[in-house]
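Structure at a glance
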Amino acid sequence: MAEKGKLSKTARASTHFGKAEAQTVIENDSSRGKVFVEVKKLMTEAGIGFQNLSSSHPIIVNKGSFDQALTVVKGALVDGETSRYTVEKEEAGHVVLVENTPKEPTRMVIKESPFVWYAAV
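Residues numbered from 1 in each chain as written. Predicted model: local features only at pLDDT ≥ 70, side-chain atom pairs only at ≥ 80, totals over all residues. Heavy atoms only, no water.

Along helix α3 (residues 66-78), the residues that are buried comprise F66, A69, L70, V73, L77 and V78. Angularly, the buried residues of α3 cover 105 degrees about the axis, an arc narrow enough to put them on a single face. In α3, the exposed positions that point more than 90 degrees away from the buried face belong to D67 and T71. Following α3 by one or two positions, G80 adopts a phi angle in the positive range, close to 105 degrees. (Buried < 20%, exposed > 50% of the residue type's maximum accessible area, 1.4 Å probe, protein only. Helix = DSSP H or I, 4+ residues; strand = E, 2+ residues; numbered from the N terminus. Arc of directions from axis to C-beta.)

Pasting the structure below:
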């Protein structure tokens, strides 16, 4: 048997140490992941087909739905007094939004796909 305060080779730490207090997760409203989840939810509700692998990848919108998607995203993130993002670059089928923060601003890229591969439910 192991000495008090020490673990044997096969002992589990959870059986020897007190349980940690419940951890609380502090959510940051301006976090990149939360913003992308919000945008994806709005686009799904609007019935816009899109593809997005993660928050570090561009949002690729189905052909023909780009203008509608841009309206939804701009309404949620760019328009208003307390806008989170500004438009850095806007071309046909390609928009780059930049976060309104002085420290390491993130970019959100929205592109139009030449294909229609996903039908929104």
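Next comes the rest of the write-up.
Here we take up the nonpolar core. Of all hydrophobic cores here, the largest spans 19 residues; its most connected members are M43, I59 and M108. Residue contributions to this core peak at six residues, all from α3. In this structure, I59 is in contact with F36, V39, M43, F50, Q51, N52, M108, V109, I110 and K111, ignoring residues within four places of it in sequence. (Core = buried A, V, L, I, M, F, W, Y, C linked by side-chain atoms within 4.5 Å. Contact = heavy atoms within 4.5 Å.)

Attention now moves to the confidence of the model for the protein chain. Overall, the predicted model of the protein chain reaches an average pLDDT of 75, with 69% of residues at or above 70. Across residues 19-30, where pLDDT falls below 50, the model places seven contacts with residues more than four positions away in sequence or in other chains. (pLDDT = per-residue confidence, 0-100.)

What follows concerns the environment of F66. Examined against the element boundaries, F66 turns out to sit in helix α3. When sequence neighbours within four positions are dropped, the list of residues in contact with F66 reads V61, G93, H94, V95, I110, K111 and E112.

It is worth spelling out the pattern of salt bridges at this point. Applying the stated criterion across every chain, the model contains four salt bridges. The closest approach of N and O atoms between E38 and R84, which form a salt bridge, is 3.3 Å. Of the two residues, E38 is situated in helix α2 (residues 32-45) and R84 in the loop between α3 and β3 (85-91); the sequence distance between them amounts to 46 residues. On the accessibility criterion, R84 (30% relative accessible area) is partly exposed. Its salt-bridge partner being E88, residue R107 comes within 2.8 Å of it at the nearest N-O pair. Taken together, the residues span a long stretch of sequence, with R107 in strand β5 (residues 107-112) and E88 in strand β3 at a distance of 19 residues. (Salt bridge = Lys/Arg side-chain N within 4 Å of Asp/Glu carboxyl O.)

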